[in-house]
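# Structure at a glance
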Amino acid sequence: TRLILATRNTGKITELRAILADAGLSHELVGADAYPEIPDVKETGVTFAENALLKAHVLAQATGLPAVADDSGLCVEVLGGAPGIFSARWAGRHGDDQANLDLLLAQLSDIDDPHRAAYFACAAALALPDGTERVVEGRLTGTLRHAPAGTHGFGYDPILQPDGETRTCAELTPAEKNAISHRGKAFRALAPIVQELLG
Ligand code: ITT
Ligand code: NA
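The shown structure was predicted, so the numbers you read here are calculated from the model rather than taken from an experiment.

Moving on, we get to the overall build of the chain. Helix and strand counts for the chain come out as 5 helices and 6 strands. Reading the chain from its N end, one meets helices and strands in the order β-α-β-α-β-α-β-β-β-α-α. Expected size for 199 residues packed as a compact globule is a radius of gyration near 16 Å; at 17 Å, the chain falls within 12% of this value. In terms of principal-axis extent, the alpha carbons of the chain reach across some 50 × 30 × 25 Å.

As a further point, take helix α5 (residues 182–198). Side chains that are three or four residues apart share a direction in an α-helix, a result of its 3.6 residues per turn. Helix length check: α5 (17 residues) gives 24 Å between terminal C-alpha atoms against 24 Å at 1.5 Å per residue, within 8%. Of all the bends found along α5, the most pronounced is centred on leucine 190 and spans about 25°, while proline 192, a proline, follows it within four residues. Three or more residues of α5 are buried, namely His182, Arg183, Gly184, Lys185, Ala186, Phe187, Arg188, Leu190, Ala191 and Val194. Contacts from the buried residues of α5 go to α1 (10–22), β3 (67–76), β4 (117–127), β5 (133–144) and α4 (174–180). Once α5 finishes, glycine 199 follows within two positions and takes phi at roughly 75°, a positive value.

Quick look at the sheet that holds β4 now. The 6 strands lie next to each other as β2-β1-β3-β4-β5-β6, forming an open sheet whose pairing is mixed. Edge positions in the open sheet fall to β2 (28–31) and β6 (160–162), since each of these has one partner strand only. Averaged over all pairs of adjacent strands, the angle between strand axes in this sheet comes to 35°, irrespective of strand direction. Pairing of β4 with β5, which is carried by 11 bridges, proceeds in the antiparallel orientation. Across the sheet, alanine 117 pairs through a bridge with threonine 143, a residue of β5. Its contacts with the sheet place helix α2 (residues 48–63) against β1 (2–5), β3, β4 and β5, and it is angled at close to 160° to β3. Those strands touched by α5 are β3, β4 and β5, and its axis lies near 160° from that of β5.

A few words on the site of ligand 1. The environment of ligand 1 is made up of 25 residues, and the closest members are Thr7, Asn9, Ser87, Ala88 and Gly155. Elements represented by at least two residues in the shell around ligand 1 include exactly β3 and α3 (97–107). Here the shell around ligand 1 gets 5 residues from one element, more than from any other, and that element is β3. Of the residues in the shell around ligand 1, the class split is 6 nonpolar, 10 polar and 9 charged.

This paragraph deals with the UniProt feature "active site" (unreviewed entry) in the chain. Cross-referencing UniProt, the feature "active site" (unreviewed entry) maps to Asp71 in the present numbering. Considering the arrangement of structural elements, one finds aspartate 71 in strand β3. In this structure, aspartate 71 is in contact with Phe48, Asn51, Ala52, Lys55 and Ala123, ignoring residues within four places of it in sequence.

With that settled, the discussion passes to the confidence of the model for the chain. For the chain, mean pLDDT is 97; residues scoring 70 or higher make up 100% of the total. Per-element mean pLDDT across the chain ranges from 96 in β2 up to 99 in β4. Both scores are given for the predicted complex: the pTM is 0.98, the ipTM 0.98.

So, on to unusual backbone geometry. With omega at -5°, the peptide bond leading from alanine 82 into proline 83 counts as cis. Relative to the helices and strands, proline 83 is located in the loop between β3 and α3.

Rules of the game
Note on numbering: residues in each chain are counted from 1, in written sequence order. To read the labels, note that chains go from A and ligands from 1, taken in the order they are written. Local features are withheld for residues below a pLDDT of 70 in this predicted model, meaning they are given only at 70 or higher, and side-chain atom pairs are given and counted only at 80 or more; totals for whole chains, interfaces and linings count all residues. A run of DSSP states H or I qualifies as a helix once it reaches four residues; a run of E qualifies as a strand once it reaches two. Both are numbered from the N-terminal end. It is over C-alpha atoms that the radius of gyration is taken, and the globule rule equals 2.2 Å times the number of residues to the power 0.38. Given a helix with a known number of residues, its expected span is that number minus one, times 1.5 Å. Values of bend correspond, residue by residue, to the angle between axes fitted over the seven residues ending at that residue and the seven starting there. In this scheme every C-beta is placed from the backbone, and a residue whose C-beta has 20 or more other C-beta atoms within 10 Å is buried, one with 12 or fewer is exposed, and one in between is partly exposed. Here contacts are defined at the residue level, using C-beta atoms placed from the backbone and a cut-off of 7 Å between them. The criterion for strand pairing is that DSSP finds at least two bridges linking the strands in question. For every element, the axis is a line fit to its C-alpha atoms; helices are fit only across the contacting stretch, and the angle between N-to-C directions ranges from 0 to 180 degrees. Working rule for contacts: place C-beta from the backbone, and if it is within 6 Å of a molecule or strand, that residue counts as near it. Three classes are used: nonpolar for Ala, Val, Leu, Ile, Met, Phe, Trp, Tyr, Cys and Pro, charged for Asp, Glu, Lys and Arg, and polar for all others, with Gly counted as polar. UniProt positions are given in the numbering used here, feature names are shortened, and annotations may be inferred rather than shown by experiment. Confidence of the predictor in every single residue is expressed as pLDDT, which spans 0 to 100.

Right, here's the structure in full:
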């Protein structure tokens, strides 16, 4: 069976293909890019879970196929959880990872190490064309560096150092990141649900 990956973020798509294959899903994974005529989904939810469900439902309805979606972001303790659901457009332009990261580092320049706790959050949603929905969440906790390090991954990976690690997420290999990441946790929890509902 075909399963739509309801995202246009190439960093996510790369990780999701690996995570879902490792979890034993044998479905044919088709990115939202295969459906350019479907407009971008307006993320009007106020939580990661609401936005992930919105994206999954729009793609499931438009294609008539089951769809999974990821809504995710970085939550910084000293900023009261921001950027949170606004992570992709923190500096104004949606998806400008470099500008978002630079702005966040500038905002935290006076914050010392004991107060730089943060976590990545991911909501993984499944929607079927008949309206059935499921959503699960995963987190990766850590601290924020003062300067970026590493070239792997995407987004805020160069500044988040997971608890128990000496490297940033961007210094981990893709497999190392997926093993501990918010996205890995969420989609490994979603995989058996997909299996059960789709067969
Ligand atoms: P779609 O809605 O098409 O899936 P998007 O990039 O708009 O793509 P989100 O609204 O969920 O997706 O925004 C997620 C942002 O959070 C993303 O732009 C990154 O800046 C950040 N982020 C999420 N997961 C991350 C990860 O694993 N590593 C680094 N940054 C991450
Ligand atoms: Na979002």
